[in-house]
Amino acid sequence: MNTIVVVNGAYDWAPMFPGHRVVQTYLDRSRWLLERGRLWIVDRDGTHRPDAILWRLGAVAPNPMHRACLEMIRLSGVPCVNSAQALLRGYDRLGMLWELKEAGLPVIEFDCFLGDGALGLMEPEFPAVLKFGNLHGGDGKARVPDASHWEALATITFTRYDYATTEPFIDYVRDIRCLAVGDKMWAMERRGAGWRANVDTISFEVIEPPEQLAAWTRAAMERFQADVLGLDFLETEEGDWMLLESNDIPGVLGFPDAVPRAIARRVLDALSF
């Protein structure tokens, strides 16, 4: 019986892998060993030698342990969805944005700041969105309506040692996530209680992926060589599309049951390759 290790995540993946031993582990509660090319994971439930890994560590700021675990997966040759190589390419937000720009996608324009006092050296056009580092899930983000708010943020963030970015605030018409798994694709239109549609979401609807967004999503899949990828787009009042980011560990909540089934199928296909 093959062992499939699910790393983090809240979704119950065991029913998706009948006939296989499914282990759910968490990075902050496990120890990882690479012995002569063989990967072992030790947690409170025992010692596991994975035959395949489903990496679901999302909506957190990655740290050096996460990168080291991905490198160990890559060195061991254990199949992983997404692949360790794809996850490492999207590991940091700046690197992810570079990959998307290189692929010719309409990434929203942004400025970047690094170093003590750097935010005080330049003022964006207002309103703007200020984002800190590699945080996900709506964390580390602030809408800056004017210069007085910018000055306050610039003075209280001097202790941070991570980079920050600013981008134009888009009073969007639609927020759409395109989610691709292999050659299958879904799209969700979202609206939030505030300006962030992925936080305090009050309504969502699964829709047919707009043709242009589907093409851009396929281009990003090819660029990252990903099995699974989500792209977040905003539609402006002028009908233009802006790409905010990609997510190589996209959530499945609100999407049809076919989505987790398709992700599980990618794991099983990698296992039998």
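The notes below deal with the structure included here.

What counts, and where the lines are drawn
- Residues numbered from 1 in each chain as written.
- Predicted model: local features only at pLDDT ≥ 70, side-chain atom pairs only at ≥ 80, totals over all residues.
- Heavy atoms only, no water.
- Pairing = 2+ DSSP bridges.
- Helix = DSSP H or I, 4+ residues; strand = E, 2+ residues; numbered from the N terminus.
- Axes fitted to C-alpha atoms, helices over the stretch in contact; angles between N-to-C directions.
- Contact = heavy atoms within 4.5 Å.

**Description of the pairing of strand β4 (residues 38–43)**
Consideration 1: Summarising the sheet, strand β3 (residues 31–35) and β4 pair through 5 bridges and their orientation is antiparallel. Bridging from a neighbouring strand, Trp32 pairs with Ile41 of β4.
Consideration 2: Between β3 and the antiparallel strand that follows it, β4, lie 2 residues; Arg36 among them carries a positive phi value of about 50°.
Consideration 3: Bridge count for β4 against strand β5 (residues 46–48) is 3 bridges, and the pairing is antiparallel.

**Points about the sheet that holds β3**
Consideration 1: Reading across the sheet, the 3 strands line up as β3-β4-β5 and stay open at both edges, with antiparallel pairing between neighbours. The sheet terminates laterally at β3 and β5, the two strands that pair on one side only. The sheet shows a mean angle of 20° between the axes of neighbouring strands, direction not considered.
Consideration 2: In the packing of helix α1 (residues 64–76) onto the sheet, contacts are made with β3 and β4, and the angle to β3 comes to roughly 30°.

**Focus: the sheet that holds strand β7 (residues 80–81)**
Consideration 1: Sheet architecture is open: 4 strands sit in the order β2-β1-β6-β7, paired in parallel fashion. At either margin of the open sheet sits one strand with a lone partner, and together these are β2 (21–25) and β7.
Consideration 2: Looking at chain direction, strand β6 (residues 52–55) and β7 are connected through 2 bridges and run parallel. Looking at the pairing, Leu54 lines up with Val81 of β7.
Consideration 3: In the packing of α1 onto the sheet, contacts are made with β6 and β7, and the angle to β6 comes to roughly 150°.
Consideration 4: Its contacts with the sheet place helix α6 (residues 258–272) against β1 (3–7), β6 and β7, and it is angled at close to 150° to β6.

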